[in-house]
Amino acid sequence: MTISINAAFDSGNIRVIAIEGDRVDLEIVPDHQSDFYQWFHFRVAGVEPGRTLTFRILNAGGSAYPFGWPGYRTRLSTDRQAWRMIDTGYADGVLEWRWAADAPLAWFAYFAPYTMERHADLVARTAAVPGMRHRELGQSLDGQAIDAFSIGTGPKQVWIYGRQHPGESMTEWWMEGALDWLASPAAASLLERATVHVVPNMNPDGTRRGHLRTNAAGVNLNREWHAPSAERSPEVLCVLRAMDETGVAVAMDIHGDEAIPANFLAGFEGIPSWTEDHGTKFYDYGRRLAAHTPDFQTALGYEKAAPGRANLAMSTNQMAERFGAVAMTLEMPFKDHDPNADPEFGWSPDRSRGLGVSMLEVLADMIDEM
């Protein structure tokens with residue numbers, strides 16, 4: 001049998017360098033018109049049962065965040081449903097793991113993929129929910145729809161959006177949990193006091209192309225919020241226009257982090273209009289979330305921006321400055337949430353969905369204070 005490596009599918013990314021005996025040497029393909037790369041997703045076929053292959057990603061050391069590889073474990077699936085972790089090593093710029101073939105096909109990925117086909121299914125079933133309002137806010141550079149949903153009748157305007165960085169696929173698993181909760185009777189209290197707008201995928205082009213961080217033009221969308229353009233970042237432009245129409249009281253930008261093995265929030269310290277009262281609402285939300293679920297913590301996270309030094313090209317800072325919103329960036333791990341670890345699956349689709357529910361439950365308790 002001949003080993004076959006294939007990534008020519010929705011969200012696939014890998015390049016074969018050499019297959020020599022049981023060793024498979026690979027490279028991750030950079031985002032189009034960009035130096036960013038780290039996302040990989042490919043299929044292996046033609047391996048005899050019981051044969052053990054060694055996979056090596058030779059250019060891992062030049063990736064966007066090489067400091068994220070130590071302690072990382074590759075995701076493996078043989079049915080494209082369950083994605084378990086397998087032991088992975090990183091040394092001298094090479095990411096390496098072994099697989100003892102126990103199925104005719106196997107898929108490997110940086111994290112459990114969330115393809116544009118699954119996105120289409122999510123959009124279809126969510127649009128059918130009574131009371132849910134669907135809009136196509138605009139189109140991406142490749143012509144894909146920027147889908148948005150609104151639900152609720154309350155005056156507080158809540159905007160939830162994610163996957164600006166397409167390789168952070170845990171984002172859209174989070175969106176599944178959040179949208180399912182919003183469609184349930186449990187959301188009634190929140191929806192009486194707020195109108196919730198959800199953009200589950202800000203970057204469909206990067207998703208389909210297998211990018212880590214950028215859109216079809218190699219642009220990092222989370223550096224475009226100060227001045228988006230139709231030529232570089234129509235995805236941000238159409239969402240920001242819709243936000244300007246409604247205003248924003250609460251903004252949640254959903255992401256993934258390569259290095260830190262925990263869920264955490266980043267805020268808007270450093271914006272020109274920062275006040276302690278504004279910041280207190282953000283910090284209180286984080287404390288309440290940590291008390292609500294063991295899948296969140298407040299000890300680990302990013303350094304705070306110095307006064308007046310916030311980057312207003314980033315959405316959370318722009319939301320807080322532009323609208324006075326209680327704005328936040330959620331970061332979920334590619335590794336695991338170590339304070340509540342799962343040795344088999346690590347941070348996973350199911351746990352991402354669960355965190356989406358937990359965050360909205362806490363928001364429902366706090367919405368009158370936001």
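Residues numbered from 1 in each chain as written. Predicted model: local features only at pLDDT ≥ 70, side-chain atom pairs only at ≥ 80, totals over all residues. Heavy atoms only, no water.

Is there a simple way to think about helix α8 (residues 349-366) in this case?
Taking 1.5 Å per residue as the helical rise, α8 with its 18 residues ought to reach 26 Å, and the 26 Å between its terminal C-alpha atoms agrees with that figure. For α8, the full list of buried residues reads P349, R351, S352, L355, G356, S358, M359, L360, V362, L363, A364 and M366. (Helix = DSSP H or I, 4+ residues; strand = E, 2+ residues; numbered from the N terminus. Expected span 1.5 Å × (residues − 1). Buried < 20%, exposed > 50% of the residue type's maximum accessible area, 1.4 Å probe, protein only.)

Help me understand the sheet that holds strand β3 (residues 23-27), please; the structure alone is not making it clear to me.
Sheets are built from strands paired through backbone hydrogen bonds, the pairs being either parallel or antiparallel. One open sheet holds the 5 strands; their spatial order is β2-β3-β5-β9-β8, and the pairing between them is mixed. Looking at strand neighbours, the two that pair on one side only are β2 (15-20) and β8 (88-91), the edges of this open sheet. Going from strand to strand, the sheet's axes swing by 20° on average, the running direction of each strand aside. One ladder, built from 6 bridges, connects strand β5 (residues 52-57) with strand β9 (residues 94-100); its direction is antiparallel. (Pairing = 2+ DSSP bridges. Axes fitted to C-alpha atoms, helices over the stretch in contact; angles between N-to-C directions.)

It is not clear to me how the side chain of N201 should be interpreted in this structure. Could you clarify?
Considering the arrangement of structural elements, one finds N201 in the loop between β14 (194-199) and α4 (204-209). The exposure class assigned to N201 is buried, which follows from its relative accessible area of 1%. Side chain to side chain, N201 and T207 meet in a polar contact 3.2 Å long. Setting aside residues no more than four positions away along its own chain, N201 makes contact with M116, H119, G162, R163, E172 and T207. (Polar contact = N/O pair within 3.5 Å; in protein donor to acceptor, adjacent residues only side chain to side chain. Contact = heavy atoms within 4.5 Å.)

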